[in-house]
Every structure is written in structure tokens, then in C-alpha cells.
Amino acid sequence: MPFSPLSAEETTPSQVTLSIDGFPIRVPAGTTILQAADRLGLRIPRLCACDRLEPYGSCRLCLVQIEGVRGTPASCTTPVAEGMRVQTQTETLARLRRGVMELYLSEHPLDCLTCSANGDCELQEMAALVGVREVRYARPEPGCASPMDTSNPYFRFDPDKCIVCARCVRACGEIQGTFALTLDGRGFATRVAAGQAEPFRDSECVSCGACVQACPTAALNETAVHEKGLPDRAIVTTCAYCGVGCSFKAEMKGNEVIRMVPAESGRANEGHSCVKGRFAFGYATHPDRITTPLIRQSIHDPWQAVSWNEAIAYAAAEFARIQAKYGRESVGGITSSRCTNEETYLVQKLVRAAFGNNNVDTCARVCHAPTGYGLKRTLGESAGTQDFASVMHADVILVIGANPTEAHPVFGARLKRRLRQGARLIVIDPRATELVRGTHVRATYHLPLKPGTNVALLNALSHVIVSEGLVDEAFVAERCEPEAFAQWRDFIAQPRHSPEASAAITGVPAASVRAAARLYANAPNAAIYYGLGVTEHRQGATAVIAIANLAMATGNFGRPGVGVNPLRGQNNVQGSCDMGSFPHEFPGYRHVSDAPTRALFEAAWGLPLSSEPGLRLPNMLAEARAGRFKGLYLQGEDLVQSEPNQRHVRAALAAMECVVVQDLFLNETSAYAHVFLPGASFLEKNGTFTNAERRISRVRQVMPPLAGYEDWQVTQKLASALGYPMTYTHPAEIMDEIARLTPQFRGVSYAKLEARGSLQWPCNDEAPDGTPVLHVDGFVRGKGAFLLTEYVPTPQHPDARFPLILTTGRILSQYNVGTQTRRTANTLWDDADLLHLHPEDAAARGIADGDRVHLESQVGSTILRAVLDDRLQPGLVFTTFHFPESRTNALITSSSDWATNCPEYKVTAVQVRRVDATMDLPSFVDELPPAFDLPHKLVEMANQIGEFFAAQPEREAAVRAIAEHLEKFWHPTMRERLVQCLQTEEHSLSPLVREAARSLLERVT
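Worth saying up front: this structure is predicted, and the values here are computed from it rather than measured.

The rules behind the values
Residues numbered from 1 in each chain as written. Predicted model: local features only at pLDDT ≥ 70, side-chain atom pairs only at ≥ 80, totals over all residues. Heavy atoms only, no water. Axes fitted to C-alpha atoms, helices over the stretch in contact; angles between N-to-C directions. Helix = DSSP H or I, 4+ residues; strand = E, 2+ residues; numbered from the N terminus. Parallel < 35°, antiparallel > 145°, perpendicular 65-115°, else oblique. Left-handed = near helix turned anticlockwise from the far one by under 90°. Contact = heavy atoms within 4.5 Å. Nonpolar A, V, L, I, M, F, W, Y, C, P; charged D, E, K, R; others polar. Core = buried A, V, L, I, M, F, W, Y, C linked by side-chain atoms within 4.5 Å. Buried < 20%, exposed > 50% of the residue type's maximum accessible area, 1.4 Å probe, protein only. pLDDT = per-residue confidence, 0-100. Pairing = 2+ DSSP bridges. Phe/Tyr/Trp six-rings, centres within 6.5 Å; stacked < 30°, edge-to-face > 60°. Salt bridge = Lys/Arg side-chain N within 4 Å of Asp/Glu carboxyl O.

Asks: Let's hear about the packing of helix α14 (residues 454–467) against helix α20 (residues 540–553): which residues, and what values?
Replies: Their axes nearest at 9 Å, the elements α14 and α20 cross at an angle of 15°. Considering the angle they form, α14 stands roughly parallel to α20. The crossing of α14 and α20 is left-handed. Counting all contacts with α14, which are made through N454, V455, L458, L461, S462 and I465, the residues of α20 involved are T542, A543, A546, I547 and L550. Of the residues contributing to the contact of α14 with α20, the split by class is 8 nonpolar, 3 polar and no charged.

Rendered as C-alpha cells:
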């Protein structure tokens, strides 16, 4: 298929020499006169012009005179030319500008002293610059004022202060891509309107704030500025919401944040924002904040407020008591993807050094653990390959299992901008998201697969590429392992992987799959972006491997516009993984059994470290119910709301003797805690976050911690109380230690971050300025490894009892488990989790829009409000998990990814019934679920591992791979119990796993 590449935004243009006001300058061709003057430091008045918007030329203030050219063209729309001579300051220009400015001011309220933008108003500034001292034209009659729109809780629109420069309209279209604002009317009656002249809150406006930032007057202004006045200082920090990692200026008055303004210098967001990062920061000072430590001996006792010293001493004594009674392995810790790199590093260090085991895990387990496993195995590095700007070079973009306009809206806006430039889009998703059928962007192909069939569909795409000769043979020959590729080619070419054979599994017509595969394979630059709709499956790691296979086969690595790009969920998911939060890895993704790595940490930390993998969080919970795991230090994660199978989680926590929760608010998990340690919000701490593009950015304290300490200080106190002193005085010292011990961070320091703004790892001697694009000259592991990806159906399939499939996701206004956004005005848009279902499924059950419905799975039930939604396929229902009272995860089973135990949130068999007066409603009592059969669960997990490696062409190789996987990722006691299952017929190990277990037994004996 012929394919003409799109022009990239960044080219190498020819240079043009001109003079402006007698000053010579050389600039790239295509530069406007206004831009060239700005480079010289010459101030040309302007109102409609804005650095981040396309030239518009409407305000007529930036007029210039050009030698040999008639009239006075607008400098913002006139490109430079070779030899051009420009005058920006003449009497003619001054007279014209004053006349234009008088016209603006004649329809503008001259109430500067009481205006909320006084001192921060471009109209005011430009009036002074052009020298207007009086307005000769009549002012509007009193009483003619247009009504102010205060429907949005975060900003207000005063049409009387609007000068119709259209900057807000253009920002909404060009930057955000929502096109919610228009210019309504003609001539003097022209007005800015939201939607169909609706209030802002009721329109398509997504409250990203781009219009507010672009407005040169107080027509659009933050409510907080209107009520509290302008800030007096600003501190640049990093957003604590999603994995985009936007940079913001926290604009302060005293210790109060007045507004968060997206920083144009931020490389991840380039001055853009979303409703959460821009406006939803009020949770940091919400009255619900806990600022005093709390303790209690039993979870049935009331909380007692105590001092920090007493709380730390009590927690340390309890952990010491438990380990003395039950053994060293009886306690563990959970790091947080909401906390900084430095705080996460200290928690895993506390577990390994102070607890003396590797029982540390992270909330990244439940979202992107399969990314780490799959990309490490195939490419050699557990991270995405590109920076966000790379998408502007892509000709074809494949989005699978991700909804960036809702979950990563700033990147979603950038993606839509590239699509409007002409890039082609393939969306693989069970739902028709905004990218599929948006008003201004639409997918070329939407492949609406059945949930749980990602691997089958990815294999079908690869089958087309192999069978139709679309493989980039030169790339594969140079960059990939030849034997592994040959095995994969033979495997994927089998007729059972064809789109025609796979259609019955995936539900996607073969013709659509073939067309999408050809489009992707023939593109000069094709990029893949994926999210939790890939990873949160029983075959999450397999799907990540299949994505890497697809990109390697087509040569889409090592340059801008291509690659494999996971869209990380929380602000520091990447960083929490980098810092060694998994039980089998030290910081930098090095296995605990690697002797040189372990010796490095032992020398730095001053004590011997365990060489065996620790317990993963699911194993900790299972061991707790079995009576063997008794203590947990939990930083910044609400397990009860975020983990699957809530009744099992509650039972496990209730079985523990010391649960320490460190967080901002009392949450669902704190109901099972014995110690509550107040946490600090991102506004109260110093440190760094690492976003989805591996970008390390500074988090700077803008206000003192409300509870007195930053989170890293609390962890340090606990470690010291446990007998392992930590003596850091600032997070910069922690980063220095990270850099000494972690190859990818070797060149990172706070000094360099201050100088550069941000850095993308690896940053070391080989890449002192960081690495925007990975795998440029070769893969990190050397040669790329193709792995076989056998499709294995999920056990969660429709049946007579549970005929529908539930999948879960996020919405724009809310975030994750809602801890932050539920305590902001974002609840004005969404204040509950809703159940979306197709009108056909609703009609079959007598359900109308807005009805209360009973949603039930094999492990739990809940009640939600119904929303009829034709973006879904019949047979599929969708909901979110932002509100604890919805108990969404009470429905999710313990089914998980074979490699990483990432829960299968995206596929749950359910039934939906309309609630009526005769129905017995769920009591929501946290009764214990049926006894958790640990040996049975171990056998199930081991057999899943066997299913992946069974695709190996040689049986001996499959057995060896299974045994190696168990040794690398399973805790020793888990392996021992699996081996014990060989002695009983009650547990049905697959033949391959039996052989692998026997080989483990032989090694031990």
C-alpha cells in the first residue's frame, strides 16, 4: 500500500536574513515578523497573538511597515523574507494602534482598580504600551451589561470584559481539540459562546483551562483569583494525578495556593493541562485531612490521637513483636505510585534492610506490572520507548486498551492535534471511545474486540504482516535474534492465527483486521499506545509481548514517531517500579539473586540482604488468611477499594495483627488499620516523579506539611525505630544514593534537574542529557527477542447465570479510587459510579435510563444507577471505581495475569437486574468469603504459567522456562508448597508444571 509520510512539526528550515528597526537578524524561513522581533527583544503590541496559538491577525495592534510594501500588514501573520526591512515604531503605526486601542476600550469596562485581573491584564498592559490616555468614543449605556456565567466552579466568564480576540476559541480548538467555544453573531454583536450558547458547565467544555490561560483580560478568570486576589509568588512543581506528569506553577499567596498554571517550559505538557491538574488541588487542604497520628490495639476499638514519637514507637514495637513470634517473613510493605521516587525508595529499603526480607510490592502491581515483564523480556528495558512529543511524528497511531482523552487528557489533546494534521488512527477497544467517533477526529479503523481476546487479535494482526510479506526484513535481520524470530514466524503464520480463524474469538471481522494490519505495517512511522485495557487481563503480559513482537516485525523502534508506549495510570507508576518496589527486584530492575548487584546494595546499606524473591501483595493477602502473614506497612494506597475481590481483601486485613496506613485521609483500608500515620500531599513535599515517558521531574514544596512531616521523613523515623537508622536531611541526598546504585539514574541529581528542568532516564555517562527515545542503535538487551504468544481464553466468560461481561475504566473528572477528586468540585460533574449498558441489554431486562440496578458476579454484588450507552457492544457493561460506596471491586474475581498477578479487572462475568420492591438487596456486610484454598490457588497460578510456556516448540525448553520463572518470581515457601502438591492427587498440576516442579525438587534435594 503506498503511503506518503506526513510532514513533522520539527524540520530543518533554511535561514532568512532581515532587519527590524535597523537590527539585523537571521531566523528560519516561515518565522513571522512578530516572532523575529521577539527574538530581538523588540516589543510589538499585540492582543490576538499568543505564542501557543496559530497566527490570527484580527486585533490590528501588531501592525508594521515594510520597505517596498504598501499598507501596514499584521506582523503576526506576515512571514519574514530575505532582505526584508521592517519598521515597528513609527508615528503612523503609533496613531493607528492608539485608534484601535480606543475602539477596544470603548466597549470595555474601565474598572481596572476593582477588576480581578488588575495587574495581570494584557489589555491594560497594551493600552499603556501604545500610549492611550483617553477614549473619545461613547461607553455602553448603564444596564446593558451581559450576565456573567458562573456555572463552572473553577472559573467565570464575564462577557462585558471580552474583547473578542478569539484566543479562547482558538485555544479550545488548537490546543485542547474540544472546539467547545465559538464566536457567535456578527459585527458589534459578536460574542464568545460555549456550545449552543449554553452555560460553560452544561457545554462540551472539559474545563482544561486553556481558554482561561489564553484570555488577555478578566473575561475568563479563575474564581479563586476573583475572590482572593492575585498571587504574589510562584513555585514550579509536578502534578500528582496521572502518568503524563504535567509541570505547573503553583501560584501562591502566603501558604495558600491561589491557582495552578501549567508551565510552558514543562516538556510533558508544554503549557497545557486538564481539569484535575489545573483546578482539582483543593483536596490538599480539605477538612477531612488527618494531621495527627492515630493508634488502637484492635480494629474494633476507637482511634486515639497520639504524638508522632508514640505512634512510630508503637508501630515499630508491633512489627518487632510479630517477627519475633511468627518469623522474619511475617511482615512486609507496600510502596505508593502517588509518592515520590525518594519516598518509594526508602520504603523498599526499609523492608529489605529493617524488616530483613523482600516482601515489598507496589500498587503498580494492579496496573502496569505486565508492562515491566513483557518489555523487559522482549526489549530489555521495563519502560516505554518514546517521549510524548514523538507522537507528532507518527503517520499511523494504534491505540489499544486505552482511552487517553479521559485518563491521560493532556496527551490525548496532543494526540488529537496530530490526527487533525492527518495522521491515521487504529483503535482496538470494546467500547467506541471519543477517539473512535469524536466530532473532530475519527478512527480510520475501530476493532471492537470481545473483552479478554487482546492476544488473539494481536496475533491476527501479526499473521497478516507475516503472511502478506509486510515484515521489515532488514530491521529484523539487523536488530533481532534470528532463531527466536524464525520460531515466532512459524508460530504466527499458522492458519489458526489468521483473521478469519480469529474472528469467532475476537468478534472483529477479518476484513477490518487485515486492513488495519496493512495500514500499520506500511506506515513510514507507526506508534502503539496502550493502557490498562491491555495489562489488566489474565494474559496481560502476553499481550504486552505481542505488542512488542508487532512493533519489532515492522521495524517501528529507534526513531521519533514509532515505538511501544504504555500510558501509565498514576503520577509515579513508572518511578515506583524503577525504585525497586517489586519483591524480586532491586532498584533499576536487577534481580535480588544477582550477586554483584546484591553486594553493591549490601555495601551501601551495611548489612546482608536476601537473595530470594519476597511475597507479592496477592501472596501476602493469601498468607494472611492462612495465618502466616501478620504485619503490613502500607503507604498511600487504599487496598480495600483498589484491589479485586474486596471480601477476600477485607478478610486478609482483618487477620493481620498490625496494619500501618500512611495516607492523607481515613479510607476503606484504614478501617482495618492499627496505626494511622498522616501523609503529605504533593504540595507539601520535595522529591521527584517519573512519568510515563521516563521523565524525571522535580516536586517542590509550596507549603509546610500539615501534619509536620513529609512522607520520606516518616519512613525514616520508622526505620530508625526498628533499629536501622536513616539519617537523610533532604530528598536530594536520597536521589544521590539512588544515582550511585542505579545505572539508569547514574547522571541524575537535583542540581542537573534544576538546570535542565527534567531528564529522561537512562541518564548516565553514555547519555548525560537523558534519553528521549530508547533502542536507537540497538535494543537494551542486545538483540530483540520475539516470544510466542499463545492465546488462552479467560475463565470469565458469559454463561446462563452471568450472561454479561463487565469491564471497568476511568472518567475525565474523577481519578483512580477518588481519594483526591472526590474532595473537590469535580463531583459537580460526576458524583457516583454509573453502570453503562447497551440499550438492547437494558430493554431485555426492563431497565430504563436512571434505574437502580443490581449488579452481581460470582464473588460479590452492588447496586448502581443505569446509563444506556450505545458506545458499548451488546453483552458488555461498563463502570468506574471512583467512589467507595459503589464497591465496584467487590465484583472483580481473583483471576490475574499469569506472569505478574495483575488483576483481571477488564473481564468479569456478571448479571444485571432492575431493582424493584420485591428484590432482596445485598446487605454489604463484610462477611468472610469461602475459605481461601491456598494450594489450589498456587496450582492455578502455576498452570497459567505453564500455558504460556507450552507454546515452546520443544518440551524440555518449556519445562526449563517454567522452572526458571518460578525460581525468579515466586517466594521460596510458595515453591515449596507447589512441590508438595506433587504428593497429592487433589490438586491437578498440568504435566508440564509437574515436570518443572520435579526439577525444582531435584535442585533442592
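Asks: For the nonpolar core, give the residues involved together with the corresponding values.
Replies: Generally speaking, nonpolar side chains in soluble globular proteins are found buried as a group. Core analysis: the biggest nonpolar cluster contains 71 residues, and F155, L220 and I397 have the highest contact counts within it. Tallying contributions element by element places helix α12 (residues 409–420) first for this core, with 4 residues.

Asks: Could you give me a rundown of the confidence of the model for the chain, with the residues and numbers involved?
Replies: When pLDDT is averaged across the chain, the result is 94; 96% of the residues are at 70 or more. Low confidence marks residues 7–11, where pLDDT is under 50. Its contacts with residues over four positions away, or in another chain, come to 6 contacts.

Asks: Account for the pairing of strand β24 (residues 658–663), with residues named and values stated.
Replies: Where a strand is regular, its side chains alternate between the two sheet faces. The element β24 is extensively covered by neighbouring structure, given that 6 of its 6 residues are classed as buried. Of the two faces of β24, the one carrying C658, V660 and Q662 and the one carrying V659, V661 and D663 are both buried. Strand direction decides the pairing type here: strand β23 (residues 631–635) and β24, joined by 5 bridges, are parallel. Note that in β24 the partner of Q635 across the bridge is Q662. Here β24 runs beside strand β25 (residues 675–678); their pairing, made up of 4 bridges, is parallel. Looking across to β25, one finds that D663 is bridged to P678.

Asks: Got a sec to walk through the packing of aromatic side chains? Specific residues and values, please.
Replies: Inspection of the entire model under this criterion finds 26 aromatic pairs. Judged by centre distance (5.0 Å) and plane angle (5°), the ring pair of Y154 and F279 falls under stacked. Of this pair, Y154 sits in the loop between α3 (122–130) and β5 (155–157) while F279 is found in helix α7 (residues 275–279), placing the two residues 125 residues apart along the sequence. Using a relative accessible area of 10% as the deciding quantity, one classes Y154 as buried. Among the residues examined, F279 registers a relative accessible area of 7% and is labelled buried. Aromatic side chains Y241 and Y283 sit 6.2 Å apart centroid to centroid with 70° between the ring planes, which places their arrangement in the edge-to-face category.

Asks: Tell me about the pattern of salt bridges, and name the residues and values.
Replies: Counting across every chain of the model gives 49 salt bridges. Where R514 meets E500, a salt bridge forms, and the shortest distance between an N and an O atom there is 2.9 Å. Pair noted here: R514 is in helix α18 (residues 510–522) and E500 is in helix α17 (residues 499–506), with a separation of 14 residues, a long-range link. Classification of R514 by relative accessible area gives buried; the value is 17%. By sharing partners, the salt bridges in this structure join D120, E222, E251, R259 and R278 into a single network.

Asks: Can you tell me about the sheet that holds strand β9 (residues 233–238), naming the residues and giving the values?
Replies: Whether parallel or antiparallel, the strands of a sheet pair through hydrogen bonds between backbone atoms. Pairing in this open sheet of 3 strands is antiparallel, and the strands run β9-β10-β11 from one edge to the other. Because the sheet does not close on itself, it has two edges, and the strands there are β9 and β11 (256–262). Taking the axes of each pair of neighbouring strands and ignoring which way they run, one obtains an average angle of 30° across the sheet. With 6 bridges joining them, strand β10 (residues 247–253) and β11 adopt antiparallel strand pairing. Paired with F248 across the bridge in β11 is P262.

Asks: Can you break down the environment of E766 residue by residue, with the values?
Replies: Mapped onto the elements of the fold, E766 is located in the loop between β28 (758–760) and β29 (804–808). Of the residues examined, E766 reaches a relative accessible area of 70% and is grouped as exposed. Along the sequence, E766 and G747 sit 19 residues apart, while their C-alpha atoms lie 9.3 Å from each other.

Asks: Residues and numbers for the sheet that holds strand β16 (residues 396–400), please.
Replies: Spatial ordering of the open sheet is given by β18-β17-β16-β19-β20, a layout of 5 strands whose pairing is parallel. Only two strands of the sheet have a single partner each, and these edge strands are β18 (445–447) and β20 (564–566). Strand-to-strand twist in this sheet, taken as the mean axis angle between neighbours without regard to direction, amounts to 15°. Across 5 bridges, the pairing between β16 and strand β19 (residues 526–530) is parallel. Residue I400 lies in a different strand from β19, and its bridge partner there is Y530. Relative to β18, α18 is tilted by about 125°, and along the sheet it contacts β16, β17 (424–428), β18 and β19.

Asks: Pulling in residues and values, what's your account of unusual backbone geometry?
Replies: Here the bond from W761 into P762 is cis, since omega is 0°, no more than 30 degrees from zero. The topology assignment puts P762 in the loop between β28 and β29. A positive phi angle, near 70°, is found at A166, a position not held by glycine. Among the secondary structure elements, A166 is positioned in the loop between β5 and α4 (167–176).

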